[in-house]
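The chain contents come next:
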Amino acid sequence: MLTLIYQDDHYVAVDKPSGIFVHPTRLGRREPNCMSRLGRQLGRPVFTIHRLDRATSGVLLFALSSEAARKMCLLFEKRRIRKEYLAVVRGFAPETGRIDHPLRKDSNKPAADAVTDFVRMGTAELQEPVGRHDTARFSLVRAVPHTGRMHQIRRHMAHISHPVLGDTRYGDGAQNRFFRARFGMRRLALMAVRLAFLHPYTRDGVSVVAEPSEDLEATFTALGWSESSGAWSHPPLASSTL
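Each value, and the rule that gives it
- Residues numbered from 1 in each chain as written.
- Predicted model: local features only at pLDDT ≥ 70, side-chain atom pairs only at ≥ 80, totals over all residues.
- Heavy atoms only, no water.
- Phe/Tyr/Trp six-rings, centres within 6.5 Å; stacked < 30°, edge-to-face > 60°.
- Helix = DSSP H or I, 4+ residues; strand = E, 2+ residues; numbered from the N terminus.
- Buried < 20%, exposed > 50% of the residue type's maximum accessible area, 1.4 Å probe, protein only.
- Lys NZ or Arg CZ within 6 Å of the ring centre and 35° of its normal.
- Core = buried A, V, L, I, M, F, W, Y, C linked by side-chain atoms within 4.5 Å.
- Contact = heavy atoms within 4.5 Å.
- Salt bridge = Lys/Arg side-chain N within 4 Å of Asp/Glu carboxyl O.
- Polar contact = N/O pair within 3.5 Å; in protein donor to acceptor, adjacent residues only side chain to side chain.
- Expected span 1.5 Å × (residues − 1).
- Arc of directions from axis to C-beta.
- Pairing = 2+ DSSP bridges.

Participant: So what exactly am I meant to see when it comes to the packing of aromatic side chains here?
Facilitator: To describe a pair of aromatic rings, you give the distance between the ring centres and the angle between the ring planes. Under the defined criterion, the tally for this structure stands at five aromatic pairs. Look at Tyr-11 and Tyr-201: their rings are 6.4 Å apart centre to centre, the planes differ by 50°, and that puts the pair in the tilted class. Taken as a pair, Tyr-11 in strand β2 (residues 11-16) and Tyr-201 in the loop between β9 (190-198) and β10 (205-209) lie far apart in primary sequence, 190 residues in all. Accessibility expressed as a relative area gives 0% for Tyr-11, which makes it buried. On the accessibility criterion, Tyr-201 (27% relative accessible area) is partly exposed. An aromatic cluster of three or more residues is present, and its members are Phe-138, Phe-178, Phe-179 and Phe-183. In this structure, Lys-71 packs its charged tip against the face of Tyr-201, placed 5.3 Å from the ring centre.

See the structure below:
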């Protein structure tokens, strides 16, 4: 059963687990997916609005009618949705940054504009050699993508040499193996923690928040990034797209 974190007459948001598709796909029609599960859970059809990678967890919003889906999709198209993610990345990332680096969906299409802002929330260093490095260094970053390209945060963080831990496609294999062995993390260390928007029907501001999952929170705590320290509990980016 999916954990509901927001619901009204038009929309419902769930805390998507890592490893589950958003909806049935050509490559995984028989695999578990959130859309089917939520439809059965609510006893009614639900409509997809946006997507998270299969390996990414966190806030995932659905509509309860096709009309509501169209209205919300328009906000996404106009970039009137604020999305925030937490990620554990390799190395000591810069304190703040903007990654303005176009991305291709595939080799047959031109690169499209892609912009991600980020703030470093914490760092950790373990006195253990990994690969060619004498120590294992990690950063906790909060990322705000202003565009919605495929694998945008993963590709952007890899572009600045700070790939997300657990990323088997764009990441560092040696770091991933160390992270898995040291912390038991067998997933991508990326989570959608907040989705904010002006409600298309009521015009009220809505902020849907998901707390870090148990496995991520345990890893954060092991690295000294506890909620009590404020490392991940306070949004640092004041600018808004709303």
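Participant: Explain the nonpolar core to me, please; I cannot follow it from the model alone.
Facilitator: For soluble globular proteins, nonpolar side chains are generally found buried alongside one another. Phe-62, Met-72, Val-88, Phe-138 and Phe-179 are the most contacted members of the largest nonpolar core, which has 65 residues in total. For this core, the leading source of residues is β9, giving six residues. The residues contacting Phe-179, other than those within four sequence positions of it, are Val-88, Phe-138, Leu-165, Gly-184, Met-185, Ala-189, Thr-219 and Leu-223.

Participant: Hey, could you run me through the pattern of salt bridges in this one?
Facilitator: When charged atoms on two side chains of opposite charge get close, those side chains can pair. On inspection of all chains with the given rule, the structure shows 13 salt bridges. Arg-154 is the partner of Asp-53 in a salt bridge, and the nearest nitrogen-oxygen pair spans 3.0 Å. Residue Asp-53 is found in the loop between β3 (47-48) and β4 (57-63), and its partner Arg-154 is found in helix α3 (residues 152-159); the two are separated by 101 residues along the sequence. Here Arg-154 falls in the buried class, since its relative accessible area comes to 9%. Ionic contacts of the salt-bridge type, sharing partners, join the residues Arg-82, Glu-84, Arg-142 and Arg-194 into one network.

Participant: Help me out: how do you make sense of the side chain of Thr-219 in this one?
Facilitator: Tracing the backbone through its elements, the reader meets Thr-219 in helix α5 (residues 214-222). By relative accessible area, Thr-219 is classed as buried at 2%. Within the local environment of Thr-219, its side chain forms a polar contact with the backbone oxygen of Asp-215, the two atoms lying 3.0 Å apart.

Participant: It is not clear to me how helix α2 (residues 66-77) should be interpreted in this structure. Could you clarify?
Facilitator: The periodicity of an α-helix, 3.6 residues per turn, causes residues three or four positions apart to be oriented the same way. Its 12 residues place the ends of α2 16 Å apart at the C-alpha level, agreeing with the 16 Å of an ideal helix rising 1.5 Å per residue. Every buried residue belonging to α2 is among Ala-68, Ala-69, Met-72, Leu-75 and Phe-76, and all of these are buried. For α2, the angular spread of buried residues about the axis comes to 120°, placing them on one side. The outward face of α2, more than 90 degrees from its buried face, is lined by the exposed residues Arg-70 and Glu-77. Where α2 ends, the next residue or the one after it, Arg-79, has phi of about 60°, a positive value.

Participant: Looking at this structure, how should I read the pairing of β10?
Facilitator: Of the two faces of β10, only the one carrying Val-206 and Val-208 is buried; Gly-205, Ser-207 and Val-209 on the other face are not. Here β9 runs beside β10; their pairing, made up of five bridges, is antiparallel. Bridging across to β10, Ala-196 finds its partner in Ser-207. Hairpin geometry of β9 and β10 is characterised by an intervening segment of six residues between the two adjacent antiparallel strands and by a positive phi of about 65° at Arg-203.

Participant: I'm lost on the environment of Gly-19 in this one. Help?
Facilitator: Among the secondary structure elements, Gly-19 is positioned in the loop between β2 and α1 (34-42). Sequence-wise, Gly-19 and Arg-186 are 167 residues apart; in three dimensions their C-alpha atoms are separated by 10.0 Å. Beyond its immediate sequence surroundings of up to four residues, Gly-19 is in contact with Arg-54 and Ala-55.

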